[in-house]
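Descriptive analysis of the structure
If you want the building blocks of each chain, they are given just below.
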Amino acid sequence: MVKTAVFVSGNGSNLEALVAAKARGEMEHVTLSLVVSSKANNYALQRAKNHSIDSVVVERKRYRDDIVGFETELRSHLKRYDIQLIVLAGFLTVFSPLFVKDYENRIINIHPALIPSFCGKHFYGLRVHQAALERGVKVSGATVHMVNDIVDGGQIILQKVVDVLEDDTPESLQLRIMEQAEWDILPKATEIIARQIIAGQIIAEQTRECFDE
Ligand code: GAR
């Protein structure tokens, strides 16, 4: 079993999807050991509590420009729980290259678009869907990828396409992409990487820019 930490910043619906997939027996090689939140009092923390998963709050804003201090605190929690895999599920903080290096091929992220479209450091949450609608794309979707030094630039693990409808708003598109893509591919990708960790395989590192960069 791969001890896994789920990193969150907000609502935590992807965390809920991971818990549900685990309950259905779909993540056989994954133990959801810890939830790490960069914000206090969000609903994701309540979800962790509801499912009796340990959680910690490491507030990004408390550290301001001190990314080293922020990551030192993160590391202490990850060590305490012997974490082998980190799943970023709506976690809106970018790690330093040193942290990424230390957890190379052990951090995955869900992004609510088809990378390399609508990705990079300015694209998160509703902004992604706003940009997709402004561009007039007919399909969008979600991507789970490895985390490396480039924001949303690591190797793609899974993607799923979702139709964009004519009367979509950013909110309606966000919800459809979550329901049809994110909540499906995040647990699947987590299980894929957990199996690879157990098998001792390392995914070849690739770096790619987003189209918009
Ligand atoms: C999700 O749509 C996730 O893909 C997105 O934030 C939302 C979090 O929702 N992540 C990003 O935009 C990262 N670039 P949740 O808290 O309900 O899981």
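Presented here is an overview of the structure given in this document. From a predicted model like this one, the values you see are computed outputs, not experimental measurements.

Comments concerning the packing of aromatic side chains
Tallied over the entire structure, the rule returns six aromatic pairs. Members of the aromatic cluster, joined through ring pairs, are F7, F91, F95, F99 and Y103. Cation over ring: R60 sits above F70, and NZ or CZ is 5.0 Å from the ring centre.

Some remarks on the packing of helix 1 (residues 13-23) against helix 7 (residues 170-199)
Closest axis-to-axis distance for the helix 1/helix 7 pair is 9 Å, and the angle between their directions is 55 degrees. For the element pair helix 1 / helix 7, the angle class is oblique. Along this stretch, helix 1 crosses helix 7, giving a crossing that reads as right-handed. Judged by residue contacts, S13, N14, A17, L18 and A21 of helix 1 engage M178, E182, W183, L186, P187 and T190 from helix 7. Residue composition of the contact of helix 1 with helix 7, grouped by class: seven nonpolar, three polar and one charged.

Brief notes about the environment of G10
Position of G10 relative to the elements: it lies in the loop between strand 1 (2-8) and helix 1. You can call G10 partly exposed: its relative accessible area is 28%. Excluding its chain neighbours within four sequence positions, the residues that come into contact with G10 are N42, Y43, A44 and G90.

Points about unusual backbone geometry
The linkage connecting I115 with the following residue, P116, adopts the cis geometry, with an omega of 20 degrees. Here P116 shows up in the loop between strand 5 (107-111) and helix 6 (126-135). Of note, D82 is a non-glycine position whose phi angle comes to about 55 degrees, a positive value. As for its position among the elements, D82 is in the loop between helix 4 (67-80) and strand 4 (85-88). Owing to a relative accessible area of 44%, D82 belongs among the partly exposed residues under this scheme. Unlike most non-glycine residues, N105 shows phi in positive territory, near 65 degrees. Tracing the backbone shows N105 in the loop between helix 5 (97-102) and strand 5. According to the relative accessible area criterion, N105 is buried, its value standing at 9%.

Section: the nonpolar core
Within the largest apolar cluster, 40 residues are counted, with the highest numbers of intra-cluster contacts made by L32, I108 and V144. For this core, the element with the highest residue contribution is helix 7, accounting for nine residues. Membership of the second largest hydrophobic core comes to 20 residues, among which are V36, F70, F91 and F99.

Quick look at the site of the ligand
Contacts to the ligand come from 13 residues, most closely from G12, S13, N14, G125 and E182. Within the side chain of H111, an N or O atom sits 3.4 Å from a nitrogen atom of the ligand. Interatomic distance of 2.8 Å between a backbone N/O atom of G125 and an oxygen atom of the ligand. Compared with its free state, where it exposes 450 Å², the ligand has 93% of that area covered by protein. Put simply, the parts of the chain that give the shell around the ligand at least two residues each are helix 1, strand 5 and helix 7.

Let's talk about the sheet that holds strand 4
Strands sit in the order 3-2-1-4-5-6-7 across an open sheet of seven strands; the sheet is mixed. Of all the strands in the sheet, just strand 3 (54-57) and strand 7 (156-163) have a single pairing partner and so form its edges. Pairs of neighbouring strands in the sheet enclose a mean axial angle of 20 degrees, with direction left out of account. Across four bridges, the pairing between strand 2 (residues 30-37) and strand 3 is parallel. Paired with L34 across the strands is D54, a residue of strand 3. Across the face of the sheet, helix 1 comes into contact with strand 1, strand 2, strand 4 and strand 5 while running at roughly 165 degrees to strand 2. Where helix 2 (residues 43-50) meets the sheet, it contacts strand 1, strand 2 and strand 3, and its direction lies at approximately 155 degrees from that of strand 3.

Some points on helix 6
Among the residues of helix 6, those classed as buried are V128, H129, A131 and A132. Around the axis of helix 6, the buried residues are gathered within 160 degrees of arc, so they sit on the same side. The secondary structure elements touched by the buried residues of helix 6 are strand 5 and helix 7. Phi turns positive, to about 80 degrees, at G136, one or two residues after helix 6.

Criteria and thresholds
- Residues numbered from 1 in each chain as written.
- Predicted model: local features only at pLDDT ≥ 70, side-chain atom pairs only at ≥ 80, totals over all residues.
- Heavy atoms only, no water.
- Phe/Tyr/Trp six-rings, centres within 6.5 Å; stacked < 30°, edge-to-face > 60°.
- Lys NZ or Arg CZ within 6 Å of the ring centre and 35° of its normal.
- Axes fitted to C-alpha atoms, helices over the stretch in contact; angles between N-to-C directions.
- Helix = DSSP H or I, 4+ residues; strand = E, 2+ residues; numbered from the N terminus.
- Parallel < 35°, antiparallel > 145°, perpendicular 65-115°, else oblique.
- Left-handed = near helix turned anticlockwise from the far one by under 90°.
- Contact = heavy atoms within 4.5 Å.
- Nonpolar A, V, L, I, M, F, W, Y, C, P; charged D, E, K, R; others polar.
- Buried < 20%, exposed > 50% of the residue type's maximum accessible area, 1.4 Å probe, protein only.
- Core = buried A, V, L, I, M, F, W, Y, C linked by side-chain atoms within 4.5 Å.
- Near = heavy atom within 4 Å.
- Polar contact = N/O pair within 3.5 Å; in protein donor to acceptor, adjacent residues only side chain to side chain.
- Areas by Shrake-Rupley, 256 points an atom, 1.4 Å probe, with all protein chains shown as cover.
- Pairing = 2+ DSSP bridges.
- Arc of directions from axis to C-beta.

Note that all results are geometric; they support no functional claim without further evidence.
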